[in-house]
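# Observations on chain architecture
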Amino acid sequence: MLLLLALLQQIDSTVPVGRGQRLEVNAFAGEIAVSVWNRDAVRVEADAGGSTRVEIDRNATTVSVRTSGRRGPPSDVELRITAPAWMPLDLSGVNTEITVEGTRAAISAETVQGDVSANGGDGLVSLRSVQGSVSLTGAKGRLDLSSVNADVEVSASSGEVNAETVNGDVTLDAVDATSVTATSLNGDVAYNGPIKSSGRYALSTHNGDVTVTVAEGTSASVAVSTFNGEFTSAFPVTLTETRKGKRFNFTIGGGSAQVTLESFQGTIELVRPGQFQGARGDDHGDDDEE
Amino acid sequence: MSDQWTDRLSAYLDGDLKGSERALLEAHLERCEDCQETLASLRRVVMRARSLEDRPPAADLWAGVAERIGAPARTVGLPVRRRFTFSLPQLLAAGVALAVLSASGAWMLHPVVPTVTLVQPAPSGQGEVTVTPVAAPSAARSYDAAVQDLEQVLAQGRGRLDTATVRVLEQNLALIDRAIAEARRAVAADSANLYLNSHLAETMRRKVDLLRQAVALVAAES
């Protein structure tokens, strides 16, 4: 079934959907905004220019919404989509902002120039942007976020977190994770959340600070490595061994969680939960502004 | 830097040590900081490898890259549970190897990860294990070849990308190159430092990842 909605500049179309279907949206430029409702249907509202058309295609497994240009690339389109909360989302664009609000399903969202922001998500949640920031809140599952030239933020979420950027900060705040890999090259990396006894936490940056909150009663083996940086702690630690270079280990409580903290030339800091201020967003000496 | 247990850490990580041998190793781990550090590095490499599992290749560049690094021809088979087995010296090249393999899409084509053999392992048994930096010639050549291939594809296709995107990519590649240069200097000053070697490998992996992303953008615009 193909509903070709040409010539219309304002589109408002609703198609019924069923469990097992996923929603795919591709918009070259503009905005994709997905929210949820209680109906088993997908509503597509769009404001499109005359040279751009919006196609809605539906089959047994997928409902797809895509923009195309009559001559050349599509112009900016504001796509407002309402979908069932259970429906997995696959969203992509180039010069596109992507926002998701309230879903309880898997999310894949990818853009080049534009921010990606999601509230919700369950299962595999993958958010990526090249030039824009990436933020996620209220999700659970396997959370995989990356940017190249901006910040990555995760808050009020749980599961396994893999967060990465090249030129920006990574902040994981109020994250209840069993596994964390958070890396930046030119930015700060910060984690605020419980350190679970069976968890593994690896935070690293080349040119920035690493901050981790450690609550009272934490049980963790901590390995700290830096080349030309510093280490500070809000509470006393007893080093079990110091090796050549600035590398040392220490144990907190029983030492069951594995925590690895690395900054080539920044400060590695342990703080108590009330002291957490997130990534500081310091200027690390590399101009990244447009 | 190493002891009789070092070469068993990979088996331990794979769950292959049983009974008394496992208990002995765990007892040793409690008091050996070097082995703890090596085990942590092994875990990071494995985590990185597994994180690549669900990523589709940006483009099938395998044919060209395989020729450069002398890899076997493409094979197709049923997926097999991955195992990640490294000896200590091999670990230090693993990050680069992962970068090269992921850049080529080989993870999709070769679902069983072979033991990394880019660096000749040191003799096992008693005595010191020589730590071979990631800049070992064969690993470095493979990495350079992969980077060169990706850069060539990017150079040919950069005209298809938005100029702002090209600028951002170039800025970030320059950042990574600067970090690689700093890490190389650090490794040169302290070649036995496992952190510095791992950090260098990770930074090199970042460059390949970013180039791979850039090539994917070019491919998408084609």
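Residues numbered from 1 in each chain as written. Chains lettered and ligands numbered in written order. Predicted model: local features only at pLDDT ≥ 70, side-chain atom pairs only at ≥ 80, totals over all residues. Heavy atoms only, no water.

## Overview of the overall build of chain B
To keep it simple, the criterion reads: Strands are runs of DSSP state E lasting at least 2 residues, helices are runs of H or I lasting at least 4, and numbering of each runs from the N terminus. Relative accessibility under 20% of the residue-type maximum defines a buried residue, over 50% an exposed one, and the middle range a partly exposed one, all with a 1.4 Å probe and only protein chains included. Computed by Shrake-Rupley with a 1.4 Å probe, the accessible areas treat only the displayed protein chains as cover when residues are assessed.
What chain B contains, in helices and strands, is 9 helices and 0 strands. Across the 222 residues that make up chain B, the buried fraction comes to 53%. For chain B, the accessible surface area stands at approximately 9,900 Å², while carbon and sulfur atoms represent 54% of it.

## Comments concerning the pairing of strand β7 (residues 77-84) of chain A
All names here are of chain A. Quick note on the threshold: The rule for pairing is simple: two strands pair if DSSP sees at least two bridges between them.
For β7, a buried count of 6 out of 8 residues is recorded, marking the element as mostly surrounded by other parts of the structure. Taken together, the 8 bridges between strand β3 (residues 22-37) and β7 define a ladder with parallel strand orientation. Note on β7: the bridge partner recorded for Glu31 is Glu78. Here 6 bridges tie strand β4 (residues 41-48) to β7, and the two strands are oriented antiparallel to one another. Within the sheet, the bridge partner assigned to Ala46 lies in β7 and is Leu79.

## Notes on the packing of aromatic side chains
Residue and element names in this part refer to chain A. We count it as follows: Classification of ring pairs rests on two measures: the distance between centres of Phe, Tyr or Trp rings, Trp counted by its six-membered ring, which must be within 6.5 Å, and the angle between planes, read as stacked under 30 degrees, edge-to-face over 60 and tilted in between. Criterion for a charge above a ring: Arg CZ or Lys NZ at most 6 Å from the ring centre, at most 35 degrees from the ring normal.
Counted by the stated rule, this structure contains 5 aromatic pairs over all chains. Seen from their ring centres, Tyr191 and Tyr201 are 5.6 Å apart, and the 50 degrees between their planes marks the pair as tilted. Of this pair, Tyr191 sits in strand β16 (residues 189-192) while Tyr201 sits in strand β17 (residues 200-205), and the two are 10 residues apart along the sequence. Owing to a relative accessible area of 0%, Tyr191 belongs among the buried residues under this scheme. Aromatic pair Phe227 and Phe264: ring centres 4.9 Å apart, planes at 25 degrees, arrangement stacked. In this pair, Phe227 is assigned in the loop between β19 (220-226) and β20 (230-233) and Phe264 in the loop between β23 (257-263) and β24 (267-271), connecting sequence segments 37 residues apart. In textbook terms, an aromatic cluster arises when at least three aromatic residues are bridged by ring pairs, as seen for Phe231, Phe248 and Phe250. The side chain of Arg39 reaches across the aromatic face of Trp37, ending 4.7 Å from its centre. One Lys or Arg, Arg272, reaches over the ring of Phe235 and ends 4.0 Å from the middle of that ring.

## With respect to the confidence of the model for chain A
Quick note on the threshold: Residue-level confidence of the predictor is what pLDDT reports, using numbers from 0 through 100. Here a residue-residue contact requires only that any non-hydrogen atoms of the pair lie within 4.5 Å.
Averaged over all residues, the pLDDT of chain A equals 91, while 93% of them reach at least 70. Overall, residues 286-290 of chain A carries pLDDT values under 50, and its contacts beyond four positions in sequence, including any with other chains, amount to 13 contacts.

## A few points about the pattern of salt bridges
Residue and element names in this part refer to chain B. Threshold: The salt bridge definition used is simple: a Lys or Arg side-chain nitrogen within 4 Å of an Asp or Glu carboxyl oxygen.
Here the structure, examined in full by the defined rule, presents 19 salt bridges over all chains. For Arg22, the salt bridge is made with Glu26, and the minimal N-O distance between the two is 3.4 Å. Of this pair, Arg22 and Glu26 both sit in helix α2 (residues 19-31), 4 residues apart, roughly one helical turn. Look at Glu26 and you get partly exposed, because its relative accessible area is 30%. Of the charged contacts in the structure, one is a salt bridge between Lys207 and Glu151, with a shortest N-O distance of 3.5 Å. Taken together, the residues Lys207 in helix α9 (residues 194-221) and Glu151 in helix α7 (residues 137-157) connect sequence positions 56 residues apart. A relative accessible area of 9% means that Lys207 is categorised as buried. Residue classification places Glu151 among the partly exposed positions, given a relative accessible area of 35%.

## Details of the interface of chain B and chain A
Here is the rule: Two N or O atoms form a polar contact when they lie within 3.5 Å of each other; inside protein one atom must be a possible hydrogen donor and the other a possible acceptor, and for residues adjacent in sequence the pair counts only when both atoms belong to side chains.
At the interface, 41 residues of chain B touch 46 residues of chain A. Inspection of the chain B/chain A interface yields 2 salt bridges. Between Glu164(A) and Arg206(B) there is a salt bridge, with its nearest N and O atoms 3.7 Å apart. Linking chain B with chain A are 13 residue pairs in polar contact (both at pLDDT 80 or more), by the criterion used here.

## Section: α2(B)
In an α-helix there are 3.6 residues to a turn, and that puts residues three or four apart on one side. Residues and elements named next belong to chain B. Definition in use: Helix span is expected to be 1.5 Å times the residue number reduced by one. Within this analysis, the arc is defined by the directions that extend from the helix axis to the C-beta atoms.
Over its 13 residues, α2 runs 19 Å from end to end, which matches the ideal 18 Å to within 8%, given 1.5 Å per residue. Listed as buried for α2 are Leu25, His28 and Leu29. All buried residues of α2 fall inside an arc of 105 degrees around its axis, so they share one side. Facing away from the buried side of α2 by over 90 degrees, the exposed positions are Gly19, Ser20, Leu24, Glu30 and Arg31.

## Examining the confidence of the model for chain B
All names here are of chain B. When pLDDT is averaged along chain B, the result is 67, and 55% of the positions lie at 70 or above. Confidence, read as mean pLDDT per element, is least for helix α6 (residues 106-109) in chain B (32) and greatest for helix α8 (residues 163-189) (94). Between residues 103-135, whose pLDDT stays under 50, and residues either more than four places distant or in other chains, the model counts 91 contacts. Taken together, the chains of this predicted complex give a pTM of 0.76 and an interface ipTM of 0.86.

## Considerations on the nonpolar core
Selection criterion: Think of a nonpolar core as a cluster: buried Ala, Val, Leu, Ile, Met, Phe, Trp, Tyr and Cys residues, connected wherever their side-chain atoms sit within 4.5 Å.
Counting residues in each nonpolar core, the largest one holds 67 residues, and the members touching the most others are Leu23(A), Leu79(A), Leu127(A), Leu172(A), Tyr191(A), Leu203(A) and Leu261(A). With 6 residues, the single largest contributor to this core is strand β15 (residues 170-184) of chain A. Not counting residues within four places of it along the chain, the set of residues in contact with Leu79(A) comprises Val25(A), Ala27(A), Glu31(A), Ile32(A), Ala33(A), Val44(A), Glu45(A), Ala46(A), Val54(A), Val65(A) and Thr67(A). Val112(A), Leu200(B), Leu211(B) and Val218(B) belong to the second-largest nonpolar core, a separate cluster that totals 32 residues.

## With respect to α9(B)
Residues and elements named next belong to chain B. Compared with an ideal rise of 1.5 Å per residue, which puts 28 residues at 40 Å, α9 spans 41 Å between its outermost C-alpha atoms and is within 8% of the ideal. In terms of residue burial, α9 counts as a mostly covered element, since 21 of its 28 residues are buried. The N-cap residue of α9 is Asn193: its side-chain oxygen and the backbone nitrogen of Tyr195 are 2.9 Å apart.

## Let's talk about unusual backbone geometry
Residues and elements named next belong to chain A. Non-glycine residue Ala156 carries a positive phi angle of around 45 degrees. Inspection of the secondary structure puts Ala156 in strand β14 (residues 152-164). Under the relative-accessibility criterion, Ala156 is labelled partly exposed at 48%. In this structure, Ala174 is a non-glycine residue whose phi angle is positive, near 55 degrees. Inspection of the secondary structure puts Ala174 in strand β15.

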